[in-house]
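Results of the structural survey
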There are 2 protein chains.
Amino acid sequence: MSHHVGEDIRSLRKSRGMTLLELAGDVGRSVGWLSQVERGQTTPSVRDLGQISDRLGVNISFFFRSASRAPEERGLVLRAADRTPIGSQESGLVEELLSPTLSGSFEMIKSTFAPRSSSGGRRKARPKEDGGVLISGRLTLIIGDREIRLEPGDSFQFRETDYAWRNDGDEPAIAIWIVSPPIY
Amino acid sequence: MSHHVGEDIRSLRKSRGMTLLELAGDVGRSVGWLSQVERGQTTPSVRDLGQISDRLGVNISFFFRSASRAPEERGLVLRAADRTPIGSQESGLVEELLSPTLSGSFEMIKSTFAPRSSSGGRRKARPKEDGGVLISGRLTLIIGDREIRLEPGDSFQFRETDYAWRNDGDEPAIAIWIVSPPIY
DNA sequence: AAATTGAAATTTTTAATTGAAATTTCATTC
DNA sequence: GAATGAAATTTCAATTAAAAATTTCAATTT
C-alpha cells in the first residue's frame, strides 16, 4: 500500500486537461477503474501503469522516484539524488522536477541551459506565471519585446506566454524555475 | 513619473488584508486620495509615503529598490545587487525578496538561516503553500509531526500552516523559498 | 493653482443557484 | 479478486443578487 502512483496520475492527467473518460479510454480501461486507481483503492498492473505513463508522456520510473525513501517524507521532500529529468523535448534544455509532489499550486524546476543554445520558436502555452533565479552561468530571456541578460543571483517573474531564451555563454546556465499553475 | 510606488503599496495593503478605508484612515488621508496614489495618479509626499511604509511594515527604501535600473526591466527582473531584507522580525533569519514585483501569484524569497538558530514558536498564518530548495548549509524543518533534515539540493513543498525550522550546523543555511499566495 | 476631500457612480467581491460534466460508489459480471 | 457500468454524488462553470470596495470628479481647502 506504500505507493500512491494514483496521486501522480491524477495530477498529470489534470495538468493535461484530460478527463477520466479520455484517459481510461486511451488505456482500454473503465472510468470506474481509473477512478479507483487514482484514489489508491486499486493497484494497476505494471502493464496498465506502462500504458498510462506512455499516454501521459512520462517514463514509468517517474512514479517511483522517491520509492527508496521513508514513506513519511514522500510527497513532502524530494532528495537531490532522486531528481529525474522530465518534460521539455527541447534540445539544449534539461529540466528536473524539484517539487516533491505534482499536486501543489506551483511547481519548482531545476533548469539547465546548455552553452551556446537557445529555445526554438516561441512557446505556446496555457496562461501561467513564470519566475526564477539564475544560480550560475549567464542567460538571456526574451520576454515580449524586451531582451534581458541575467547574471547569477538575478531573479525574474512574468506572465507573458510567449518568451524565449538563449545561452550565449561557454558554461551551462542553471536556474531554479517556478511555474504556476503546474505544467506537469 | 518613473516611480510607481502605488503598485507596491496596493500589493502590500492587499497581502495584509486591508482596505483603502483602513489604510487611508491610519495615515490620515482620504480613501479617494489613496486610490489615486495606488494608481499613480497622484504622487504622495515623502512624509505620506513614510507613514504608509511604517503602517505596512517595510522600510521606505523598499519602494526604491530598482530605482537605478532601466524602466523597462523594473517589475520584471530584480538584480542581485538590489535585493533588500524584508519582513521576518525573527532573529536568526534574514529574508530577501527575489520577486521583482509583489503582484504575482507567488513570491520568491532568499532565506538565510543563521548557524545554531531556530524559529521561535510555531507560525500563525493565513492558508498558503510553501516550497523551496536548500542551496547550501543544513536545515531541519519541523512540519506537522515530522522532522525533516535537509541537505543541499533537497527540495520540499507543503501546505501546513504551522511549521518550524532549526539550523544545527556551523554554517548559514541558504534556501530559495517560494510562497503562494504572496505574503508581502 | 495644486492638493485633497467626500459623496455619487462604478467595479469588484462574495454568496447562493442551477444545469452540465466529471467523478465516485457499489452491485454485478468476468 | 479484478473490472465493469450505471446510478448516485460531487465538482465545475455560468448566472444572478447584494454587499463591499474602489474609482471618479465636482467642490473645498491650503
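Residues numbered from 1 in each chain as written. Chains lettered and ligands numbered in written order. Predicted model: local features only at pLDDT ≥ 70, side-chain atom pairs only at ≥ 80, totals over all residues. Heavy atoms only, no water.

To continue, consider the UniProt feature "domain: HTH cro/C1-type" (unreviewed entry) in chain A. The positions UniProt marks with the feature "domain: HTH cro/C1-type" (unreviewed entry) are residues 9-63 of chain A. End C-alpha to end C-alpha, residues 9-63 of chain A measures 9 Å, and it is 60% helix and 0% strand. (UniProt positions renumbered as here; feature names shortened; annotations may be inferred. Helix = DSSP H or I, 4+ residues; strand = E, 2+ residues; numbered from the N terminus.)

Let's shift gears to the relation of the copies chain B and chain A. The two copies are related by a screw operation: chain B maps onto chain A through 179° of rotation and 0.0 Å of translation along the axis, at an RMSD of 0.2 Å. Each copy turns onto its partner about a two-fold axis. A symmetric contact is evident, with 100% of the interface residues of chain B recurring at the interface of chain A. (Least-squares fit on C-alpha atoms with pLDDT ≥ 70 in both. Contact = heavy atoms within 4.5 Å.)

Around DNA strand D, the structure places 15 residues, and the nearest of them are A:Ser30, B:Arg10, B:Leu20, B:Ser35 and B:Arg39. Sugar and phosphate atoms represent 69% of those atoms of DNA strand D found within 4 Å of the protein. One of the side-chain nitrogen or oxygen atoms of B:Arg10 is found 2.7 Å away from a phosphate oxygen of DNA strand D. Contributions of two or more residues to the surface near DNA strand D are made by helix 3 (31-38) of chain A together with helix 1 (5-15) and helix 3 (31-38) of chain B. By residue number, the principal contributor to the surface near DNA strand D is helix 3 of chain B, which donates four residues. Taken together, the residues of the surface near DNA strand D sort by class into three nonpolar, seven polar and five charged. (Near = heavy atom within 4 Å. Polar contact = N/O pair within 3.5 Å; in protein donor to acceptor, adjacent residues only side chain to side chain. Nonpolar A, V, L, I, M, F, W, Y, C, P; charged D, E, K, R; others polar.)

All names here are of chain B. Direction vectors running N to C along helix 1 and helix 4 (residues 46-56) enclose 30°, while the axes themselves pass 10 Å from each other. If you check the angle between helix 1 and helix 4, you find them roughly parallel. Taken as a pair, helix 1 and helix 4 cross one another with a handedness that is left-handed. Between helix 1, through Val5, Ile9, Leu12 and Arg13, and helix 4, the contact on the second element is made entirely by Leu49, Ile52 and Leu56. (Axes fitted to C-alpha atoms, helices over the stretch in contact; angles between N-to-C directions. Parallel < 35°, antiparallel > 145°, perpendicular 65-115°, else oblique. Left-handed = near helix turned anticlockwise from the far one by under 90°.)

If you look at the interface, chain B gives 40 residues, while chain A gives 40 residues. Interface of chain B and chain A: buried area, both sides summed, is about 3,000 Å²; carbon and sulfur atoms make up 58% of it. The three residues of chain B that bury the most area against chain A are B:Leu76, B:Phe106 and B:Gln157, which together make up 24% of that side's buried surface. Summed over the shared surface of chain B and chain A, the number is two salt bridges. With its nearest N and O atoms 2.6 Å apart, the salt bridge here joins B:Arg79 to A:Asp154. (Buried area = accessible area lost by both parts, 1.4 Å probe. Salt bridge = Lys/Arg side-chain N within 4 Å of Asp/Glu carboxyl O.)

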